[in-house]
Amino acid sequence: MPNVKLKNHLHLHFLVFIWGFTAVLGKLITIDALPLVWYRMLMATVIILLFIGFKKYSLKLINPKLIGLLVVAGILIALHWVTFFMAIKISNVSIALATMSTGAFFTALLEPIWYGRKMIWYEVVFGLVVIIGLYLIFSVETSYVMGIVVALISAFLVALFSLINGKLAHQLKPSVISFYEIGSGVVFLSLYLFFKGDFSAAFFQLSSNDFVYIFILASACTAYAFIASVKIMQYLSPYTVMLTINLEPVYGIILAFIFIGKSEKMSPLFYVGALLILSTVIANGVLKNKNVLKKRRRI
């Protein structure tokens, strides 16, 4: 059993490493954020559909409310990815990833409303620390203000998405959820692009490099990573998974230095602000885990 846990823990770190690499790919891909996400979601939908076909899972849905939630979640994840890659393109990987770390605290603020519970005191304190971290980033990286704002919107969207997915996760297989959500996102973006008149011959002309990068993004960073992460949760606790995933900005920023170079070098105060945000995310997870353990002991 220890060997199995070690193997899955290493596998999880590899997945987080892959997720961190998505930001680098977004910077390397030359097309705009919207077509980038459309191609990513279309390819990922096809790959997940092939996986579902191989596993012979049923795609039949009857509950209209469930279908509605899947569609809304699909639209939210599509908008999240568009704004995320847009933030990368108008600023850089480091700015986008550091700001995206605020997603956990948007979730903490929205959870009491979504689940009808009281606000926890330390979530308020951590929220204030996050604001301080953002202030430091804003104050020293004034040339990237728009990128920070767009990344904050992206973080808010993924927080909404995670709350909806929290309810869906216990009702359908993860691959089926992923298929309908990503597929809904493709339909939503397709309708937008169609009515805007962006579907032209130029839209479907990809360079060989862009095609390869987008395929890696859709297959390894989306379809494979999602399915593998669900399997890993059979062996590792949600707390362990959550803490490890919080390393994504760290991996992403390091990878950005390696693959992109000088444009990712930021001022010292930026890293202080980013560290404050990341530290509060981890501390929030630690305290939440302690509260869960206390409740289990009482039971």
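Just above sits the structure.
The notes below deal with the structure included here.

**Focus: the pattern of salt bridges**
- Counted by the stated rule, this structure contains one salt bridge.
- A salt bridge links Asp 198 to Lys 196, with the nearest nitrogen and oxygen atoms 3.7 Å apart.
- Residue classification places Asp 198 among the partly exposed positions, given a relative accessible area of 27%.
- Overall, the relative accessible area of 49% leaves Lys 196 in the partly exposed class.

**So, the packing of aromatic side chains**
- Enumeration over the complete set of coordinates arrives at 15 aromatic pairs.
- Centre to centre, the rings of Trp 38 and Phe 199 are 5.5 Å apart; their planes meet at 65°, and the pair counts as edge-to-face. In this pair, Trp 38 is assigned in helix H2 (residues 33–55) and Phe 199 in the loop between helix H8 (174–196) and helix H9 (208–232), connecting sequence segments 161 residues apart.
- For Trp 38, a relative accessible area of 8% gives the class buried.
- Judged by centre distance (5.7 Å) and plane angle (15°), the rings of Tyr 39 and Phe 203 are stacked. Residue Tyr 39 is found in helix H2, and its partner Phe 203 is found in the loop between H8 and H9; the two are separated by 164 residues along the sequence.
- Judged by its relative accessible area of 11%, Phe 203 falls in the buried class.
- Aromatic rings pair up to connect Trp 38, Tyr 39, Phe 199, Phe 203 and Phe 204 into one cluster.
- Stacked on the ring of Tyr 57, the Lys or Arg Lys 173 has its end atom at 4.8 Å from the ring centre.

**Regarding unusual backbone geometry**
- A positive phi angle is found at Lys 56, which is not glycine, with a value near 60°.
- On the secondary structure map, Lys 56 appears in the loop between H2 and helix H3 (64–90).

**Digging into the nonpolar core**
- By size, the foremost hydrophobic cluster in this structure holds 65 residues, and its most contacted members are Val 37, Met 41, Phe 84, Phe 85 and Leu 189.
- Elements that contribute at least two residues to this core include exactly helix H1 (2–28), H2, H3, helix H4 (93–100), helix H7 (145–168), H8, H9 and helix H11 (248–259).
- Considering each element in turn, this core owes the most residues, 12 residues, to H3.
- Discounting chain neighbours no more than four positions away, the residues touching Met 41 are Gly 74, Ile 77, Ala 78, Trp 81, Glu 181, Ile 182, Gly 185, Val 186 and Leu 189.
- Counting 14 residues, the second largest nonpolar core, distinct from the first, contains Ala 98, Phe 105, Ile 148 and Leu 152.

About the thresholds
- Think of each chain on its own: its residues are numbered from 1, step by step along the sequence as written.
- Given that the model is predicted, a residue must reach a pLDDT of at least 70 before its local features are reported, and side-chain atom pairs must reach 80 or more before they are shown or counted; all residues, however, enter totals for whole chains, interfaces and linings.
- Where side-chain values are given, they derive from all heavy atoms of the structure, hydrogens and water being excluded.
- Salt bridge, as applied in this entry: a Lys or Arg side-chain nitrogen positioned within 4 Å of an Asp or Glu carboxyl oxygen.
- Exposed residues in this analysis have more than 50% of their type's maximum accessible area, buried residues have under 20%, and partly exposed residues fall in between, with area computed by a 1.4 Å probe over protein chains only.
- Aromatic rings from Phe, Tyr and Trp, with only the six-membered ring used for Trp, were paired whenever their centres fell within 6.5 Å, and each pair was classed as stacked if the ring planes differed by under 30 degrees, edge-to-face if by over 60, and tilted otherwise.
- The helix and strand labels rest on DSSP assignments: H or I over at least four residues marks a helix, E over at least two residues marks a strand, and numbering proceeds from the N terminus.
- Comment: the charge-over-ring label is applied if NZ (Lys) or CZ (Arg) is within 6 Å of the ring centre and within 35 degrees of the ring normal.
- In plain words, nonpolar cores are sets of buried Ala, Val, Leu, Ile, Met, Phe, Trp, Tyr and Cys residues tied together by side-chain atoms within 4.5 Å.
- Note on contacts: a residue pair qualifies if any of its non-hydrogen atoms lie within 4.5 Å across the two residues.

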